[in-house]
Each structure stands twice: as structure tokens, then as C-alpha cells.
Amino acid sequence: MRIVSATLLALKIPFVESFRHTAKTRTFSDSIVVRLTAENGVTGYGEGLARPYVTGETVESSLEYMQKVLWPAIARIDDFEISQNSNPIQSLASMERSLPDKRAQGVVAWNAARAAFELALVDCLLKNQKLSLSKILPPRRTTVIYSGVITASATEKVIQVAKYFKLFGITQVKVKIDGKNDRKRLLAVRETMGKDASIRIDANGAFSLNGAAKILNGLSDIRIDCVEQPIPRGNPSDLAKLKSELKIPIMTDESLVTVEDAEQLISAKACDFFNLRISKCGGILRTLQIARLAQEAGIKLQLGAQVGETVILSAAGRHVAAYLDRVDFVEGSYGTMLLTEDIGDEKINFGHGGKAPVLRGEGLGVRVREEILRKYVDKVIECGKV
Amino acid sequence: MSVRSQVESEYAKQTEALTSSEGFQALESGRANKKAHDDFIANVCKTHLRSPQILAFLFSVAPPESVDEVKHNMLEELGLDEEGLPHPQLLVKLAKHAGFNDQGIKQLEILAQEELKRMTSEQILYGTMKEIGLSALLETASFEWMLSHLSNRMAKFLEKHRGISKEGLEWFSHHSEVDIRHAEEQLDSIVEYVKYYQFDQSHFESILELTFRENVFIKRYFGEIALARQTGMIN
């Protein structure tokens, strides 16, 4: 099957309320949606979220990469297909190889752009074959259980959100920390959510190597399951050094963008957990490749999400989370808990207990509502004949 | 603060935000164009066309002390009371007077039905029916409270700036008269509901806050983008 056109849509979907961590405060989602149309009219949707402090991509540079590099490569392929293979990595590999990698100053990898194109291709090709992604990634569980995320806000607000999560039956939460009043906030979360709740913290690289161990070890009595990205992305040996001093397990996030990052982190024995995110890691295939490396090395997994993901990335995350052998924590599928409106025909938010069912519909298993998409478009780029 | 005064205070806050919103002020001052008026009318219709179904749900979870009152409201909404004025028909009349043709009205009914379908299909965050019922009751009652305060003003601007006749505005006039009583009764129903289902204060407050995380009036009558502008989420 041939792809004849691509539409790149930079969105601006307002949040219900702002979301804050050390690297950024957001009031809207700046997701990029890619719509690919095949010669027979079948369409597929993909999504990526460009994050300068994660992959080095901005919305503008990501759109440019999609338009000038990814689309011309896709447009040249005459016959796309996804084969049903007992090894999903092989099923996706030939299609994914058509997406070129280029280096650029200041960009770790064009992964948000790649993820958006890869997901759109997967959705389009599978819809054309009337197949669900769950046939390529057979689910190992029928229900995926999601965690809540609490932003780095004032203690009163943190308590309020923790109460909501408790009311929703959520038993795992991640709390964003920023080096100010963290202990007070975390004690409040522990008290509100109860002794059995699983609490993780995410520093988004807020600490320096010298000071991190002392500060974080001072929180260990609150029973923290792991700390995500305590220090900024850098040499994996720094993380390894910190790991040897910390009483709390380390999860890497911004340090883990590419497959090469994963190999280096494993080799340096730098962490206990990987936080995979489909947009950050460059799509489903690369996420699975990193997951495989992690599992071989005994590293535990979280399947995370970017703040502001719509139903498209949420659906892709659901498939991957259901497929992985073992996944300790899953984030995302917040939908209209965060976005004032999602773009899907049906909401796929998790429900009580953080539980959400596996998706079985064709393609990614969600239908995008064009009229909602149009409401939130900030910029559109049409790509046709090359 | 009692349950009743907490709820009333929240309703007053939400109503105040609606009247000071850009959309409402543009309509009331006459600055809004015809399309803005028609969008507002369409949104009012979409919001309330399926009210009988929502009231039927509230009837099913109503405590014994308030079940007769909820039943009466539901029958009144359906036009099965002594007045015999089905409220969805009054909304259709409003749309017709605003110039919506049969196809446009059909479309409003489809959209209202789709919204109801989505509401009943999605994953539910609350763990029990009593929580869903409280949230639905709080939201339904909030509209009656707001309409009891504002429907005369809404009718006035639609008559003055959009030229809708009094006949076409019957849904509003009916609400301004009936909902003063309804609003009071609904507040009693909420107090009764909280007591009957033994919500503790913190539990009740969490559901109240969650139900009104967003301004439901601006969102439903003017849309998500208008609300986001009002709250500063987008420019």
C-alpha cells in the first residue's frame, strides 16, 4: 500500500488546570498529530510531543523534520505492509526502517517526530488490513493499571489531588519534586493515601550530583519506591555513582532517549528502572527494543507518558503496557482529567482503581474525531507529492 | 459550613464566573453577532435536551426522603405533570424560533444523544453508584440554581438582540419561575442525599470540588475554548 499524503497538525488543547514540574509549567497540550492517507483513502493517525529538555526537539523543528525528512522518505515507498509475525519487533521493523535518522546540533534524537510517523503508519496499515495492533502485540493481561501523577504544587493542592486519587481507588502515585518543601509534601501524600500506597518521586533532573544523595536519602523513611531522574542527563557513570549512595532505587527518564542510551546505562549499571515513553523513545518499535534490553539486564520498567498526550498516544501506550512481559508502573491515559477535551470518538481514560481495558479495535483501536481535531489546530502543514 | 451553604456558595461562584465571562457579556451587551447567539442557543439545547434521562437516573438513586420530589421533577420535565409542558419540546420551540430547520434540530438531538452515550460508555473514576449519583445531582441542581437566577436575563438578551419572541423563549420563562422552587428543593435533596448515603465531610467536599473543577456553565453554553480563555489556559 502506498501513502499519498500526510497532514501535520500542531495542536493547542487547553488543560483543565496547569501542570507543573521543575522543567516546565504547562497550561495546554502542544501535541503534534500526523494524519497519513493511503491511496485507497484509509487514514491513520500518529502523535508525538516535542520536548526540548528531553529529546531536544521543539514543535517547530519537529514539524520541519517531519516535512523535510520523514515525509519524503515515506512518500517514496511503494508498498507498505505490516506482517503478522510471532516476533512483533520483526513485524514492525521493516516499516520502521523507512523512517530515516539524521543528526542535528542540540537534538538527542528526532524521536517525537519519528513516533508520530511510526504510529500513523501502524494505524493506517493495520486499518487497511482490518487488524488491531493487539494482533501484532498480543496482550499478556486484559487490564492495564495506571498510576496517578501529582504535580509540584503547594502542599494544600497536593493533599487535594492525593485525596482525589484515593477516591478514584488509585494506589500508585508519582509526585513531582522540586527541592522545595518536598518532605512536607511527600509526608502529606503518604498520610492522605495511606501506608500501603506506592509512592514514586520525579525530580526531572532538579538536583546536582553532589547534593542529591543527602537530600533524597532524607526522604527514604517515607517509603519511596523509586526516584525518577534525580540529576540531569549526562554521563551514566554519574548516575551509577549516585546509585551506589542512594537508599532509593533510581529510574532514568531524560537520560534514556535512544537505544544507545539504554545500552550505556545498562553497561554503567546506572539505574534500577527505565522509564519508557513512546514519544520520547521514537515509537513502539524502539520502545520495545529498549524494553527487551532492560528485561535482559534485570532492569525494571515503567511505561510513562508525556504530559498532554491525546487518545492516540494513550492508545499506543495501552497496547505496549498490555504486551510487555513485566511492567511495574504505567502512566498516561489521563485524557479529560487533564485535557479539556480529547480528540477521540470515545474517551479511553482509565477508570476506578486506575484500571483500563485492552483495546481491540482496528489499528490503534481509537477513532479520531476530525471536528474536535480542527477546533484545536494551531498550525497545519499539508504534504503531498514529493 | 453546612452542606447546603457549601453547595450554594459553589453555585454562586460558578454563576458569577458565567455572568462575567466574555461570551455571556457579549450576548448581554449586544456585542455578539448572530452566529454567537445561535451557537449559544444550540448549546443550551444540547445541554438540556436529555435532562429527562438524567433525572431518571437521579430518581433511581434518590433517597426515600426525596424520591417523590425527584420523581415530580422528572415527570414535570417530561410534561407528565399537571402543566403538561415537556421541556425538550420547549427547547425545540426555542431552536425553531431561532431559525433552526428540521435538519438542524435533528442534529441537536443527535449530538445530545451522543453526549449521553459517551457519558454512559466511558470508564468511571468513582468507585460506587452513590458517588456518581452525588456528582450528577450536584451538577443538575447547579443548572437549576443558575437558571433560577439568570434565565430572565438570558431571555431578555435573546429577545432584544436576537429578536426571539416571548413565545419562543418559553423554556427560559418557565425556568425562571419553576426553578426558584426547584433550586430550593434540589438543595434540600442534596442535603438529604449526603445524609442518607452517609458521606463524611471530606468525601462530600472532594466530590463537590471534582464536579466543579471546571465551570460547567461556561463549558456547556460557550464551549471548551471559551472556558480555556476565561481560565487563562490559552490566550
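Here the structure is shown first, and the text comes after it.
Residues numbered from 1 in each chain as written. Chains lettered and ligands numbered in written order. Predicted model: local features only at pLDDT ≥ 70, side-chain atom pairs only at ≥ 80, totals over all residues. Heavy atoms only, no water.

Colleague: Got a minute to help me understand the overall build of chain B in this structure?
Modeller: Broken down by element type, chain B carries 12 helices and 0 strands. Across chain B, helices and strands are ordered from the amino to the carboxyl terminus as α-α-α-α-α-α-α-α-α-α-α-α. Taken over the C-alpha atoms alone, chain B extends approximately 50 × 45 × 30 Å along its principal axes. Evaluated residue by residue, chain B yields a buried proportion of 52% over its 235 residues. Considering only contacts in chain B between residues 6 or more positions apart, those separated by 24 or more positions represent 79%. In chain B, which carries 25 positive and 37 negative side-chain charges, the distance between the mean positions of the two groups comes to 7 Å. (Helix = DSSP H or I, 4+ residues; strand = E, 2+ residues; numbered from the N terminus. Buried < 20%, exposed > 50% of the residue type's maximum accessible area, 1.4 Å probe, protein only. Contact = heavy atoms within 4.5 Å. Lys, Arg positive; Asp, Glu negative; His and termini not counted. Charge placed at Lys NZ, Arg CZ, Asp CG, Glu CD.)

Colleague: What am I meant to see in helix α10 (residues 201-211) of chain B here?
Modeller: Three- or four-residue spacings in an α-helix give side chains the same orientation, since the helix completes a turn every 3.6 residues. Buried residues of α10(B): B:Phe204, B:Ser206, B:Ile207, B:Leu208, B:Leu210 and B:Thr211, and no others. You can read the cap of α10(B) off the contacts: a side-chain oxygen lies 3.2 Å from the backbone nitrogen of B:Ser202, and it is on B:Asp200. (Polar contact = N/O pair within 3.5 Å; in protein donor to acceptor, adjacent residues only side chain to side chain.)

Colleague: Can you help me understand the nonpolar core in this one?
Modeller: Burial of nonpolar side chains together is a common tendency in soluble globular proteins. Among the nonpolar cores identified, the biggest contains 205 residues, and A:Phe117, A:Phe274 and B:Met154 are the most heavily contacted of them. For this core, the element with the most residues is helix α8 (residues 129-162) of chain B, which contributes 14 residues. A domain split of this core shows at least three residues from each of domain 1 (3-133 + 369-383) and domain 2 (143-357) of chain A. For A:Phe117, the contacting residues outside a window of four places in its chain are A:Ala6, A:Leu8, A:Val34, A:Leu36, A:Met66, A:Leu70, A:Trp71, A:Ile74 and A:Leu99. (Core = buried A, V, L, I, M, F, W, Y, C linked by side-chain atoms within 4.5 Å. Domains from an automatic or database assignment.)

Colleague: Sorry if this is basic, but what is going on with the pairing of strand β5 (residues 43-48) of chain A here?
Modeller: The side chains of a regular strand alternate, residue by residue, between the two faces of the sheet. All names here are of chain A. Burial analysis of β5 places 5 of its 6 residues in the buried class, which makes it a mostly covered element. Note: strand β4 (residues 32-38) against β5, 6 bridges, orientation antiparallel. Looking at the pairing, Ile32 lines up with Gly48 of β5. Linking β4 back to β5 in an antiparallel pair, the connection comprises 4 residues, with Gly41 at a positive phi of about 95 degrees. (Pairing = 2+ DSSP bridges.)

Colleague: Would you explain the environment of A:Arg326 in this entry?
Modeller: Residues and elements named next belong to chain A. Structurally, Arg326 is set in the loop between α12 (311-323) and β14 (329-330). Linking Arg326 and Lys300, residues 26 residues apart in sequence, is a C-alpha distance of 7.9 Å. Discounting residues that sit within four places of it in the chain, Arg326 has contacts with Arg141, Gln295, Lys300 and Leu301. Of the polar contacts made by the side chain of Arg326, one reaches the side chain of Asp328; its length is 2.8 Å.

Colleague: Honestly, the interface of chain B and chain A in this entry has me stumped. Any pointers?
Modeller: Accessible area lost on assembly of the parts is the figure often given for the size of an interface. Every contact between the two is made by 23 residues of chain B and, on the other side, 27 residues of chain A. Of all residues in chain B, B:Leu125, B:Arg213 and B:Met233 give up the largest surface area on contact with chain A, accounting jointly for 30% of the area buried on that side. Here chain B and chain A share 3 salt bridges between them. Between A:Lys375 and B:Glu224 there is a salt bridge, and its shortest N-O distance comes to 2.8 Å. (Buried area = accessible area lost by both parts, 1.4 Å probe. Salt bridge = Lys/Arg side-chain N within 4 Å of Asp/Glu carboxyl O.)

Colleague: What should I look at first to understand helix α11 (residues 284-297) of chain A in this one?
Modeller: Here α11(A) spans 20 Å end to end across 14 residues, near enough to the 20 Å set by a 1.5 Å rise per residue. Along α11(A), the residues classified as buried are A:Ile284, A:Leu285, A:Arg286, A:Thr287, A:Leu288, A:Ile290, A:Ala291 and A:Ala294. (Expected span 1.5 Å × (residues − 1).)

Colleague: Mind showing me how you'd approach the packing of α11(A) against α12(A) here?
Modeller: Axis angle and axis distance: for two packed helices, these are the angle between their axes and the distance between the axes, and together they describe the pair. Residues and elements named next belong to chain A. Between α11 and α12, the least distance of the axes is 11 Å, while the angle of their chain directions is 25 degrees. Here α12 runs roughly parallel to α11, going by the angle between their axes. The handedness of the crossing between α11 and α12 comes out as right-handed. In contact with Ile284, Thr287 and Leu288 of α11, α12 contributes Ala316, Val320 and Tyr323. (Axes fitted to C-alpha atoms, helices over the stretch in contact; angles between N-to-C directions. Parallel < 35°, antiparallel > 145°, perpendicular 65-115°, else oblique. Left-handed = near helix turned anticlockwise from the far one by under 90°.)

Colleague: Hey, could you run me through the environment of A:His319 in this one?
Modeller: All names here are of chain A. Residue placement: His319 occurs in helix α12. What His319 contacts, discounting residues up to four positions off in sequence, is Ser132, Leu133, Ser134, Leu137, Leu359, Gly363 and Leu364. Here the side chain of His319 touches Leu364 through a polar contact of 2.8 Å, landing on its backbone oxygen.

Colleague: Looking at this structure, how should I read the packing of aromatic side chains?
Modeller: Two measures describe an aromatic ring pair: the distance that separates the ring centres and the angle between the ring planes. Summed over the entire model, instances satisfying the criterion amount to 17 aromatic pairs over all chains. Following the ring pairs from residue to residue traces out a cluster consisting of B:Phe24, B:Phe40, B:Phe143, B:Phe157, B:Phe217, B:Tyr221 and B:Phe222. Over the face of the ring belonging to A:Phe329 we find A:Arg200, whose NZ or CZ atom lies 4.2 Å from the ring centre. Between B:Lys130 and the ring centre of B:Phe199, over which it is positioned, the NZ or CZ distance is 4.8 Å. (Phe/Tyr/Trp six-rings, centres within 6.5 Å; stacked < 30°, edge-to-face > 60°. Lys NZ or Arg CZ within 6 Å of the ring centre and 35° of its normal.)

Colleague: I would appreciate a short explanation of the state of the cysteines in the present structure.
Modeller: Such a bond, covalent and formed between the sulfur atoms of two cysteines, is termed a disulfide. All names here are of chain A. Scanning the model with the defined rule gives 0 disulfides over all chains in all. Between Cys281, a free cysteine, and Cys271, which holds the nearest cysteine sulfur, the sulfur-to-sulfur gap is 12 Å. Residue Cys383 stays outside any disulfide, its sulfur separated by 14 Å from that of Cys124, the closest cysteine. By relative accessible area, Cys383 is classed as buried at 6%. (Disulfide = S-S within 2.5 Å.)

Colleague: It is not clear to me how the sheet that holds strand β10 (residues 224-228) of chain A should be interpreted in this structure. Could you clarify?
Modeller: Residue and element names in this part refer to chain A. On the basis of which strands lie adjacent, the open sheet formed by 8 strands has the order β7-β8-β9-β10-β11-β12-β13-β14 and parallel pairing. One side of each edge strand has no neighbouring strand; the edge strands of this open sheet are β7 (148-150) and β14. Judged from the 3 bridges that link them, strand β9 (residues 198-202) and β10 form a sheet pairing that is parallel. When the sheet's bridge partners are listed, Ile199 is paired in β10 with Ile224. Sitting on the sheet, helix α5 (residues 155-167) touches β7 and β8 (172-176), and the angle it makes with β7 is about 170 degrees.

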